[in-house]
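Architecture at a glance
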Amino acid sequence: YSALVEGVDGAPFNPAGYGVRSVGGLAWFSPDVVLSLNFPQQNWDNSVSAGRDYDDFVVAQLGVGLHFGEIGFGYLATLEGYTLAGRASGERTVNVTVGTHHLGFGMQFGGGEVAIGAGFRVGSLSMQWSGGAAGSTSTQLNFHGASPEVGAVWRPIGRPFRLGMSFRPEVV
């Protein structure tokens, strides 16, 4: 997906998306708003294995991007929450929350044929095991980390292809 990005919703794949505008985006200033709420099915990973069941799975996305001429800025947050049910009667239920935040900018060159972008992403993971002593819930794991990200897109005008690249070191 690195070559297909346009707008703030492409930031998780390539930060050049902050600067990429569609061909029809001719106005000097244009906002880009992303709002998404998804309730995936129980076997969302299509694994057909007898692993844990996913319950109460919710994915929410909220983002805002602003284009000023050839320059674009944006922020995108993705939050996921789900429950892993115990497979056996003695296994405890695990509640998982995952968050990813992208903040960055991008710029177009050559009449929109080339776009580059850079940004920063922050990831978080929280897991809570429940069903312990007297039905207590205790946080067992919290993780927060950050990492830079860069990317570029080449979309030659009048050609039926695009090329994209992105680089993201691990979140630490």
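Quick caveat: nothing in here was measured; it's all calculated off a predicted structure. (Residues numbered from 1 in each chain as written. Predicted model: local features only at pLDDT ≥ 70, side-chain atom pairs only at ≥ 80, totals over all residues. Heavy atoms only, no water.)

**Remarks on the overall build of the chain**
Quick reminder of the rule: Each helix is a run of H or I in the DSSP string that is no shorter than four residues. Each strand is a run of E no shorter than two, and both are numbered from the N terminus. Only protein chains enter the accessibility calculation, which uses a 1.4 Å probe; a residue is then buried when its area is under 20% of its type maximum, exposed when over 50%, and partly exposed in between. Only the protein chains shown count as cover for residues, with accessible areas throughout obtained via the Shrake-Rupley method and a probe of 1.4 Å.
The helix and strand inventory of the chain stands at zero helices and seven strands. Across the chain, helices and strands are ordered from the amino to the carboxyl terminus as β-β-β-β-β-β-β. When the 172 residues of the chain are sorted by exposure, 33% land in the buried category. A total of about 9,900 Å² of accessible surface is found on the chain, and carbon and sulfur atoms cover 62% of it.

**Quick word on the environment of Ser-124**
Formally: Only heavy atoms enter the contact rule, under which two residues are in contact if any of them lie within 4.5 Å.
Locating Ser-124 in the fold gives a position in strand β5 (residues 114-130). For the pair Ser-124 and Val-98, spaced 26 residues apart in sequence, the C-alpha separation works out to 5.7 Å. Once residues lying within four places of it in the same chain are set aside, the contact partners of Ser-124 are Thr-97, Val-98, Gly-99, Phe-143 and His-144.

**Observations regarding the packing of aromatic side chains**
The geometry of an aromatic ring pair is captured by two quantities: the separation of the ring centres and the angle between the planes. We apply this condition: Only Phe, Tyr and Trp rings are paired, with Trp represented by its six-membered ring, and only when their centres lie within 6.5 Å; those with planes under 30 degrees apart are stacked, over 60 edge-to-face, the remainder tilted.
Per the stated rule, a full pass over the model turns up four aromatic pairs. Through a chain of ring-to-ring contacts, the aromatic side chains of Trp-28, Phe-29 and Phe-68 assemble into a single cluster.

**Remarks on the environment of Leu-79**
Structurally, Leu-79 is set in strand β3 (residues 71-84). Taking the C-alpha atoms as reference, Leu-79 lies 7.3 Å from Thr-97; in sequence the two are 18 residues apart.

**Focus: the environment of Gln-128**
With respect to the helices, strands and loops of the structure, Gln-128 is situated in strand β5. According to the relative accessible area criterion, Gln-128 is partly exposed, its value standing at 28%. Sequence spacing of Gln-128 and Thr-93 is 35 residues, and the spatial spacing of their C-alpha atoms is 8.3 Å.

**Observations concerning the confidence of the model for the chain**
Defined as follows: Looking at any residue, its pLDDT shows the predictor's confidence there, from 0 to 100.
For the chain, the mean per-residue pLDDT works out to 85, and 82% of the residues sit at or above 70. When pLDDT is averaged over each element of the chain, strand β7 (residues 163-167) comes out on top at 94 and strand β2 (residues 54-68) at the bottom at 88.

**A short note on the side chain of Arg-121**
Convention followed: Charge assignment in this entry is limited to Lys and Arg as positive and Asp and Glu as negative, and neither His nor the chain termini are counted. What makes a salt bridge here is a side-chain nitrogen of Lys or Arg within 4 Å of a carboxyl oxygen of Asp or Glu, nothing more. In the analysis that follows, any N or O atom pair within 3.5 Å is treated as a polar contact, provided that within protein one partner can donate a hydrogen and the other can accept it, and provided that, for residues neighboring in sequence, both atoms belong to side chains.
Here Arg-121 lies in strand β5. Despite being buried, Arg-121 has no salt bridge partner; Glu-149 is the closest side chain of opposite charge, sitting 4.0 Å away. A distance of 2.7 Å separates a polar side-chain atom of Arg-121 from the backbone oxygen of Pro-169. Arg-121 has contacts with His-101, His-102, Gly-145, Ala-146, Ser-147, Glu-149, Arg-168, Pro-169, Glu-170 and Val-171, leaving out every residue within four places of it along the chain.

**Re the nonpolar core**
Applied cut-off: Joining through side-chain atoms within 4.5 Å is the link that ties buried Ala, Val, Leu, Ile, Met, Phe, Trp, Tyr and Cys residues into a set, and such a set is a nonpolar core.
In terms of nonpolar packing, the biggest core is built from seven residues, these being Phe-57, Val-59, Tyr-82, Leu-84, Val-94, Val-96 and Met-127. Looking at this core, the elements that each hand over two or more residues are β2, β3 and β4 (93-109).

**Some words on the pattern of salt bridges**
Two side chains of opposite charge can pair, provided their charged atoms sit close to one another. Applying the stated criterion to the full structure yields three salt bridges. Salt bridges sharing common partners tie together Glu-6, Arg-155 and Arg-162.

**Concerning the side chain of Glu-149**
Topologically, Glu-149 is positioned in strand β6 (residues 137-154). A relative accessible area of 1% means that Glu-149 is categorised as buried. A distance of 2.7 Å separates the side chain of Glu-149 from the side chain of Arg-168, its partner in a polar contact. In contact with Glu-149, not counting residues within four places along its chain, are Ala-11, Pro-15, His-102, Gly-117, Ala-118, Gly-119, Phe-120, Arg-121, Phe-167 and Arg-168.

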